[in-house]
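Working through the structure, step by step
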Amino acid sequence: MSTVGWAKQEDAGGAGRPSRTERPGGPAGDGQPVVADGMMPLWAVSLDWELRRGRQVILNGQIRDRWWFADRPASFREVVAGLLEARGAEVVGWWDPVGGLVFPLDGHAERFDELREGRSSERARTPGGAATPGGASGSGTPPDAAGARPPQGRGDAQGPLDGAPDATARARRGDERDRGRERLLAPRQSGRPRSFEDVVATVHRLVAQPDAAVAFVFEDVDHHLAPGQPESHLGYLRLRAAMTAAVTPRSAAGEAPHARNAVLCAVGDVGRLPGWFHLEDPRVAALHIGPPDPSERRLWLSWLLHDFNGAHESSRADLEALVGATDGMLGWDIESLTRTSRMRKAPLRKPDKLLELHRLNVSVDPWTQLDRETVAGAAEALGSRVVGQPVAVNAVAAALQSAFVGVDFGSSGTARPRGAFFFVGPTGVGKTELAKAVAELMFGDESAYARFDMSEYQQSHAAERLAGAPPGYIGHEQGGELTRRVQERPFSVLLFDEIEKAHPKVLDKFLQILEDGRLTDGRGQTAYFSQCLIIFTSNTGADQVRSLLEERDRLSYPLLEVHFTRAVEEKFRDIGRPEIYGRLKPGVVVFDMLRPEHVARIADRLLGQLAESVRERHRVELVTDTDTLHPWITERMSDPAHQAYGGRQIRNELELVRSAVVGHLLVNRPEPGSRIRVGLGADGRPWVTADGAGPFAGEGSVRS
């Protein structure tokens, strides 16, 4: 849509053909900005300009979307065909792998047949738009009279003689027999081309002739010509030859410069075409069709305003708010937004709520479906899983309660994630475990969270894995790992583990997520994070914990909190991304180090998991001797070198116990239902003995 109109121009060179004229607002090429109006989309204006520059165009992008032409909604095919006809094309042909060669405009198929067979037109256009018999001459003489032979008889110049009516009738019948004999003996013309090769050959011949203005569009040619096949290579060569052989028709009218006969391609992704097809020839240009821009969305919404629920109660400000909120949406999406508004009774004056219902396509908010008592007791439930981290547990529980209640500062908060945390602290203290506990609390399954190991994103190009490769690169069609996950499951717990190992360019992706709650992938599809809980984990500053422990007998939590907070801030400043820290600062949670009073409790949990494994695989009950195991593990974890590694070091120390149990099961093969006991001797070596042959205890029983 530029400020360009289309009108009928009558002149000797192109009588009756539509040509481009300027509206009173000023010409499109006078340096003024091109804005949307109802004539056609902005990409169609660009297409017209490229054609007038003498180029052939490969249209790529949103060719399945809905647009408009001449102040009415129209499909992509209708827009392109209407534009080409308005440029003066007498024939607009459209080829695709399914339908073959078709003609979307009335009368163009017949004109194509005439040009293909080399016949003169039976009907010619006049300045008034009427058709006159007599072909291109426009003389008004009936075709039969113009082509009839003179009567054969006596006294041609002497006036009527006796028997003249009979002689005239005989002459007419003779002429009809002669014409019938000529038609019978004339070579029969073949039908319209069907195969791709025949269509391209016919198009090549027609566009290279200046006798008539013609235009052809090849849609989805990338699906017909499979990449890597020799015949596909030849097919692209033939198609490009037709594109570059086109000439300017003699009938071109309107303001110069004039376009050549058009041979266009329309594909969803230009990356699926061979690069040499359009990059090696300056006469072929690629034109990307993206989603509607703000002026185009405003035009769409103005047309559809009365289809929204509560449109009569809305204001201009409501419409403008919806224009901004629909950024990235396609024409079909905007049109279907009106249906959502009607079906869900969502008024136009609440655009955030309307878009949330439209994008998520659910009748209820899963956050509000959490059990109220479960949410109120979230701190206790999470604390039972994550030992010794009351500050982190209380912060996450508060975020869950806020998401459940749904209260925030203004409507802008509805677009941002439900919670964003930056867990930092020593290794092995429960940062990842807390994310699993949140997923289990929300979805009943700890595996419902999505974990991204950021150590795999240390290269700058790794950012493409999150949002997808750009068009033309391998993996473009698959989209991004992160965006695809959120599009499939918008209600998610997202864990980005060891975020400090990611490349700074990867971190830039999170700016838009944290601020606007959305991220667009390489395919142009937008993922919305407004229903996600995002957790970053980091060990930044953990390498100094051991030295801090050696300097002090006991490191308090306030000192630990100051140390890690300063380390995180310095980390983001060193990599030149302080703005990311500014957005994450309210969610920075420092995890406490592993305290001696928590060691035995964590050890009991690990030993319980070991006993459960023995029961499931061997139907044997494992009993742990806590009188010997607790003092031993507590003493081992009092060493600063061990304490710095947190709960992982407890697991490492208990490997001795696990190995002893494995050896006993392998050598002694205890009977199902029996009981064995494991403990630690005075020499620090584990022992395993049979503990009687009592009946097998109930499921989940572990005695200690």
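Relevant structure appears above.
Here's a quick rundown of the structure.

Definitions and limits used
Residues numbered from 1 in each chain as written. Predicted model: local features only at pLDDT ≥ 70, side-chain atom pairs only at ≥ 80, totals over all residues. Heavy atoms only, no water. Pairing = 2+ DSSP bridges. Helix = DSSP H or I, 4+ residues; strand = E, 2+ residues; numbered from the N terminus. Axes fitted to C-alpha atoms, helices over the stretch in contact; angles between N-to-C directions. Buried < 20%, exposed > 50% of the residue type's maximum accessible area, 1.4 Å probe, protein only. Phe/Tyr/Trp six-rings, centres within 6.5 Å; stacked < 30°, edge-to-face > 60°. Lys NZ or Arg CZ within 6 Å of the ring centre and 35° of its normal. Core = buried A, V, L, I, M, F, W, Y, C linked by side-chain atoms within 4.5 Å. Contact = heavy atoms within 4.5 Å. Salt bridge = Lys/Arg side-chain N within 4 Å of Asp/Glu carboxyl O. Parallel < 35°, antiparallel > 145°, perpendicular 65-115°, else oblique. Nonpolar A, V, L, I, M, F, W, Y, C, P; charged D, E, K, R; others polar.

Spatial strand order, β20-β21-β22: three strands in an open sheet with mixed pairing. Each having just a single partner strand, β20 (621–624) and β22 (686–690) make up the two edges of the open sheet. Here the strands of the sheet are splayed against their neighbours by 25° on average, with no regard to which way each runs. Bridge count for β20 against strand β21 (residues 675–680) is four bridges, and the pairing is parallel.

Once that is clear, we can look at the pairing of strand β6 (residues 91–96). Of all six residues in β6, six are buried, a share of seventy percent or more. The two faces of β6 match: V91, G93 and W95 on one face and V92, W94 and D96 on the other face are all buried. The pairing of β6 with strand β10 (residues 214–219) spans five bridges and is parallel. If you follow V92 over to β10, its bridge partner there is A215. One ladder, built from three bridges, connects β6 with strand β7 (residues 100–102); its direction is antiparallel. Following the sheet pairing, W94 is matched in β7 by V102. Taken together, β6 and the strand that follows it, β7, pair antiparallel across an intervening segment of three residues.

What follows covers the packing of aromatic side chains. The tally for this structure, following the rule as stated, stands at 23 aromatic pairs. A ring pair is formed by F496 and F510, whose centres lie 4.8 Å apart and whose planes are at 75°; its orientation type is edge-to-face. Separated by 14 residues along the polypeptide, F496 in strand β15 (residues 493–497) and F510 in helix α21 (residues 509–516) bring together distant segments of the chain. The exposure class of F510 is buried, given its relative accessible area of 2%. Taken together, the ring pairs connect W43, W67, W68, F76, W94, W300 and W303 into an aromatic cluster. When the ring centre of W332 is taken as reference, the NZ or CZ atom of R66 above it lies at 5.3 Å. Here the basic side chain of R465 rests over the ring of Y457, its NZ or CZ set 4.5 Å away from the ring centre.

Another aspect to go through is the nonpolar core. Counting 50 residues, the largest nonpolar core has F76, V80, L84, L264 and F308 as its most contacted members. By residue number, the principal contributor to this core is helix α2 (residues 76–86), which donates six residues. Excluding its chain neighbours within four sequence positions, the residues that come into contact with F76 are W43, L59, I63, D65, W67, W94, A266 and I289. In this structure, L466, L482, L514 and C532 belong to the second largest nonpolar core, which totals 43 residues.

The next subject is the pattern of salt bridges. Opposite charge on two side chains permits pairing when their charged atoms draw close. If you walk through the whole model with that rule in mind, you get 36 salt bridges. Between R66 and E335 there is a salt bridge, with the nearest N and O atoms lying 3.0 Å from each other. With R66 in strand β4 (residues 66–68) and E335 in helix α12 (residues 331–343), this residue pair connects regions lying 269 residues apart in the sequence. In this structure E335 comes out as buried when scored by relative accessible area, which is 17%. Overlapping salt bridges bring together R64, R77, D96, E219 and D220 as one network.

Turning next to the packing of helix α3 (residues 108–117) against helix α6 (residues 196–207). Two quantities define a packed helix pair, namely the angle between the helix axes and the distance between the axes. Close contact between α3 and α6 brings their axes to 10 Å; oriented N to C, the two are set at 80°. It follows that α3 is roughly perpendicular to α6 by the angle criterion. Only T202, R205 and L206 of α6 make contact with α3, whose side of the interface consists of F112, L115 and R116. Its residues assigned to classes, the contact of α3 with α6 shows three nonpolar, one polar and two charged.

Moving on to the sheet that holds β7. Taking strand neighbours across the sheet as the criterion, the six strands line up as β7-β6-β10-β11-β3-β12 in an open arrangement whose pairing is mixed. Each edge of the open sheet carries a strand with a single partner, namely β7 and β12 (284–289). Taken over all neighbouring pairs, the strand axes of this sheet differ in orientation by 20° on average, direction set aside. Packed on one face of the sheet, α6 meets β6, β7, β10 and β11 (262–267) and runs near 150° to β10.

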